[in-house]
Amino acid sequence: MSEQALRIDEAELRGLLDGRWAGVRERARDVVRGELFAPVYGLSVEEHRERTLAQLLALAETDLPAYGFPASVGGRDDIGASVVAFEMLVADLSLMVKMGVQWGLFGGAIRALGTERHHAEFLPRVMSVELPGCFAMTETGHGSDVQSLRTTATYSPVTGDFLIETPDEAARKDYIGNAARDGRMAVVFARLRADGEDHGVHALLVPIRDEEGAPLPGVRIEDCGPKAGLNGVDNGRLWFDGVRVPRTNLLNRYGTVAPDGTYSSPIENPNRRFFTMLGTLIRGRISVAGGAGSAAKAALAIALRYADTRRQFTRPGSDGEPEREVRILDYLAHQRKLLPALARTYALHFAQEELVTRLHELSRAPRRDEHAQRELESRAAGLKAVATWHATETIQTCREACGGAGYLAENRIPQLKADSDIFTTFEGDNTVLLQQLTKGLLTNFQDSFGDLDTMGLTRFMAGKVFETVIERTAAIPLIERLIAASPGRGEDADLYNRGWQLELFEDREKHIIEGLAGRLRRSRKDGGDAFEVFNRAQDHVLAAGRAHMDRVVLEAFVAGIDRCGDKSTAKLLNRVCDLYVMSVIEEDRAWFLEHERLSTSRTKAVTRAVDDLCRGLRPYAVRLVDAFGLRDEWLGAPIALGSEHARQGDAAPARG
């Protein structure tokens, strides 16, 4: 980092981070204000639930719910905006999740899986919260394995309706948001049985309470009880015993049942039908990644503002100057705690923006692009995993960095930690999601290279055809130009050369996927059981997914910086990007050494670079978190809002 101070265009930086949906972010900043939305702590479970419902009803009076719904029912038909609005509700993650359940999961399922008739009948009441709803997919016995759900929906041509049954305790619907208290109807995922056949998992609209809030006949409801966090969300369990719903309550975009019980679908293959159906619900997974990012940003804003103010231990005076206590952010060890996490948060922000943009564009495409949809689903799985793991680790680091003050409820970090912890689990267990991502990468590999005969292996090792596996997602001409200009991976290459960094990440991904594919192929040729072969390679599978996401996230960051219109601000962002790259390499330096991608002296140089970058970014740390645009009242933490200045009797320090 140059010693000369950089002039930062704060409006340019904020605009770059706000991105395509800047207007939505500003609208959320205007709407989510005042006492009703201010962070609180110490509420009972019932008080928190009541408050969260009141907040949701207040949001229903604004235009925020309309973003994700069709224009035909009064919506804005802007899927990207709906995800961004969800991300902004960091003042209380219970509200964020409650909103996600009502408008994202419940309403989103009706939109994605229903027909125009369902839209017209139900979506206006979903938007207004006149019809509070649930998304009843997860079962006690099957969380991530949706295809094996056991709840049944059996059609009778005699009565013209479906019989919804919970056959055993493993099939009870579990951890269902809005079920314990507020929900009146549920989108229930069940095995559809008609004309004597099981047609796989489909979704039906099932009323669960009457207008007074009492469970309907045949519906049993149980409260999941207090949780570690998110106690403003009323999670519950559902059982169905002989519950009948009309044939028309089947959300039948991908499969319908005629009055005589005949089943038909526009997608003949059952597996393809199932995965197509699930793919339409990908917005929830992408939203969780964004919500986790917002929680990490809030924790970093609190911790870095505090570290810029809190003083501890004295620096010896010199030339007659008195001794003075040192701000803890001036210590390299403290910088190393927080600034690499900030750099990765920036990188993930741009990756999230790119993913939301892709979701939005595909939602408006005139025809379904199967390849693009699969790529989106794989990318969403990977980003959700790495973003939520990052949030969990970052918030814990921020808690420790704030010492005892970070343990106080009034300073928000404990609540952020408790509320966001479950993000690693819902909308898909992270380990399972990374496996899903890597299976997609291996499918691309197999499609491109088959069994790799001698000639194919020769071409593969020459690197002439691997581009069919490495698919770029951001600013393709820019990335390829940078790599083409790279000095190669030699010892003389500048660590800060962006092309060298991109090529290094790409090479690692290629090598790991190639090695995994070869390992699996050899094991199968030796007669290994398919399950055992894949099971024994789990470490390799997860490493491949992480390496892929590191490369994808870097490309998104590079593309984001390229959009920056101010040279000085772009220079700062390039240094943030350098810190992201160097910290990733440092974390995985064992791999780079073992595979002779970097020498010992080179990895030591990477560690020195992390130190140098942390020191160079220290003067800009607070302005970098302020650029996220999280309102002070959303942070709600006295240590981030002047209490430490007041305790010391200081004026607020100049930021930057």
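Remember, it's a predicted structure, so these values are computed and weren't measured experimentally. (Residues numbered from 1 in each chain as written. Predicted model: local features only at pLDDT ≥ 70, side-chain atom pairs only at ≥ 80, totals over all residues. Heavy atoms only, no water.)

1. Some details on the overall build of the protein
Tallying secondary structure elements over the protein gives 23 helices and 12 strands in all. For the protein, whose C-alpha radius of gyration is 26 Å, the value lies close to the compact-globule estimate of 26 Å for 656 residues. Across its three principal axes, the protein shows a C-alpha extent of roughly 95 × 70 × 40 Å. The proportion of buried residues among the 656 residues of the protein is 56%. (Helix = DSSP H or I, 4+ residues; strand = E, 2+ residues; numbered from the N terminus. Rg over C-alpha atoms; globule rule 2.2 N^0.38 Å. Buried < 20%, exposed > 50% of the residue type's maximum accessible area, 1.4 Å probe, protein only.)

2. Looking at the nonpolar core
Judged by nonpolar contacts, the single largest core of 178 residues is most densely connected at F189 and Y346. The contacts of Y346, once residues within four sequence positions are left out, are L13, L17, F557, L573, V576, L624, A627 and F628. Grouped together as the second largest cluster of nonpolar side chains are 24 residues, A136, F162, V188 and V245 included. (Core = buried A, V, L, I, M, F, W, Y, C linked by side-chain atoms within 4.5 Å. Contact = heavy atoms within 4.5 Å.)

3. Topic: empty space enclosed by the protein
Under the defined criterion, the tally for this structure stands at 6 cavities of 30 Å³ or more. In this structure, the largest cavity spans a volume of roughly 180 Å³. Lining the largest cavity are 20 residues, and of these G290, K297, L348, H349 and Q352 lie nearest its centre. Elements supplying a minimum of two residues to the lining of the largest cavity: α4 (79-87), α8 (283-307), α9 (332-363) and α10 (370-401). Counting residues per element, the lining of the largest cavity draws most heavily on α9, which supplies 6 residues. Class assignment for the residues of the lining of the largest cavity results in 7 nonpolar, 7 polar and 6 charged. Roughly 80 Å³ of internal volume is contained in the second largest cavity. (1 Å grid on protein atoms, 1.4 Å probe; cavity = no way out; pocket = protein on both sides within 12 Å on 5 of 7 lines; lining within 4 Å. Points joined across faces, edges and corners; volume = space filled by probe spheres on them. Nonpolar A, V, L, I, M, F, W, Y, C, P; charged D, E, K, R; others polar.)

4. Structural notes on helix α7 (residues 270-279)
Taken together, the buried positions of α7 are R273, F274, T276, M277 and G279. On its buried side, α7 packs onto α5 (93-113), β5 (185-194), β6 (197-207), β10 (263-264) and α10. Measuring from the backbone nitrogen of N271 back to the side-chain oxygen at the start of α7 gives 2.9 Å, which picks out N269 as the cap. (Polar contact = N/O pair within 3.5 Å; in protein donor to acceptor, adjacent residues only side chain to side chain.)

5. Regarding the environment of R315
Within the fold, R315 resides in strand β11 (residues 311-315). For the pair formed by R315 and A66, sequence separation is 249 residues and the distance between their alpha carbons is 56 Å. Excluding anything up to four places from it in sequence, R315 contacts E323, R324 and V326.

6. Regarding the packing of α8 against helix α11 (residues 413-420)
One can describe the packing of α8 onto α11 by two numbers: an axis separation of 10 Å at closest approach and a directional angle of 160°. In terms of orientation, α8 and α11 fall into the roughly antiparallel class. Here α8 and α11 pass one another in a crossing that is left-handed. Contacts from A295, A298, A299 and I302 of α8 reach α11 at I413, L416 and S420. Considered class by class, the residues forming the contact of α8 with α11 number 6 nonpolar, 1 polar and no charged. (Axes fitted to C-alpha atoms, helices over the stretch in contact; angles between N-to-C directions. Parallel < 35°, antiparallel > 145°, perpendicular 65-115°, else oblique. Left-handed = near helix turned anticlockwise from the far one by under 90°.)

7. Points about the packing of aromatic side chains
Per the counting criterion, the structure on display carries 7 aromatic pairs. Consider the rings of Y346 and F628, whose centres lie 5.0 Å apart with planes at 45°: the pair is tilted. A residue pair is termed long-range when its members are at least 10 positions apart, and Y346 in helix α9 and F628 in the loop between α21 (621-626) and α22 (632-635) qualify at 282 residues. Summarising the burial analysis for this pair, Y346 and F628 share the class buried. (Phe/Tyr/Trp six-rings, centres within 6.5 Å; stacked < 30°, edge-to-face > 60°.)

8. Digging into the confidence of the model for the protein
With 92% of its residues at a pLDDT of 70 or more, the protein has an overall mean of 91. Confidence drops under a pLDDT of 50 for residues 448-468, and excluding neighbours within four residues, the segment shows 24 contacts in the predicted structure. (pLDDT = per-residue confidence, 0-100.)

9. Comments concerning the pattern of salt bridges
Counted according to the given criterion, the structure contains 51 salt bridges. One salt bridge connects D77 with R111, and the closest N-O pair in it is separated by 2.6 Å. Taken together, the residues D77 in the loop between α3 (45-60) and α4 and R111 in helix α5 connect sequence positions 34 residues apart. Salt-bridge contacts for E375 lead to R379; the nearest nitrogen and oxygen are separated by 2.8 Å. Here the residue E375 and the residue R379 both occupy positions in helix α10, the gap between them amounting to 4 residues, near one helical turn. Each member of the pair, E375 as well as R379, is classed as buried. (Salt bridge = Lys/Arg side-chain N within 4 Å of Asp/Glu carboxyl O.)

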